[in-house]
Structure formats: C-alpha cells, structure tokens
Amino acid sequence: MDIRKAAIEILAKKNDGFGHDRSETVGASEIGQCARKVGYIKSGAEKDKGSTDLNGFAERGNVMEDHFSAPLLEQIVKSLGGRMYFHGQANQESLVSKKLKISATPDGLAIGLPTGVLTGSGVRKFSGTCLLEFKSFDPRSNTGKFPKTEHVAQVQ
C-alpha cells in the first residue's frame, strides 16, 4: 500500500463545505498574505506544471478544530456562563460580503460571557459576545516568530 497516494486521494475527495465560491472573495485567512499571490489565485492564473494543492495545512487545522479547539472553547465558554455557536466544522457559517468581495469563517461565536473576561488579554471594552479564531501550527515551525503577521491581520 502506498500511504502517500492514499493520503492524496483522501484529501482530493474532501469537500471544504464553505457554501460559497471562495474564488469570488478574499477570505480572512488570505488577509495579510502576499497581495500578488492572492491576486494570482483569485484571477484564475494557471498553476506551475506539476504543482498539486492538497490543502494539507487546512486539513490539519480542521482536525485540530474538531477534536481539540471546538470542544475546549465550548467547555470554557460554558464554564463562564456563555453559549457557543458555529464551532466545529459541521456548525461553521461563512460570513460573505459580495459588495466588498471579502469573506470569513470564524471558529466560533461566544455569547453571554462576563464583561471583563478578556481584560487579561488586553481587551478593555467588551460586550460579552465575540467571534473566536484559533490557529494551529506545525510544531516544526519557528515558534519564536509567532504570531504570524497574516494571522494577526486575519483576526482583526
């Protein structure tokens, strides 16, 4: 059995489930990346010969989200008296602005949180409702360079 071939087949069959044509908008995960790269992707430019996009990083994020961050968020928010919505792959909702040609799929929406819950993170004003976004990273990465610039821009 060829494990690499089997993994490629599985990833090729995956449906990202975003519910809209992502080529029509610049997504939150693309904000902060190289503008030329995003422009090429959105304009339908041909990929290099032999190039294969398996979305391995995105799939790792999906697995981490469903099996770790979504249950963790739900537990934390519930312990604070709040409720979670749109967390985990099966519950996600994409926010799409056709006028501005932008989109985002947050990792969750927390409502009913205590007003001061984010003061320890430097957030002074807080309504008790927030969109949540978590990033997974390759443990082989240079963690001294975190957070990544594009991730900071993504969560703004």
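The shown structure was predicted, so the numbers you read here are calculated from the model rather than taken from an experiment.

Considering the sheet that holds strand 4 (residues 102-104)
- Reading across the sheet, the three strands line up as 1-4-3 and stay open at both edges, with mixed pairing between neighbours. Of all the strands in the sheet, the pair left with one neighbour each is strand 1 (26-27) and strand 3 (95-97).

A closer look at the environment of I8
- With respect to the secondary-structure elements, I8 resides in helix 1 (residues 3-13).
- Classification of I8 as partly exposed rests on a relative accessible area of 24%.

Let's talk about the sheet that holds strand 5 (residues 108-111)
- Read from one edge to the other, the open sheet built from three strands follows the order 2-5-6, with strand pairing classed as antiparallel. Only two strands of the sheet have a single partner each, and these edge strands are strand 2 (83-85) and strand 6 (130-132). Each strand of the sheet is rotated relative to its neighbour by a mean of 30 degrees, with strand direction disregarded.
- When strand 5 meets strand 6, the two strands line up antiparallel, connected through three bridges. Along strand 6, the bridge assignment pairs L109 with L131.

Definitions and cut-offs
- Residues numbered from 1 in each chain as written.
- Predicted model: local features only at pLDDT ≥ 70, side-chain atom pairs only at ≥ 80, totals over all residues.
- Heavy atoms only, no water.
- Pairing = 2+ DSSP bridges.
- Helix = DSSP H or I, 4+ residues; strand = E, 2+ residues; numbered from the N terminus.
- Buried < 20%, exposed > 50% of the residue type's maximum accessible area, 1.4 Å probe, protein only.
- Axes fitted to C-alpha atoms, helices over the stretch in contact; angles between N-to-C directions.

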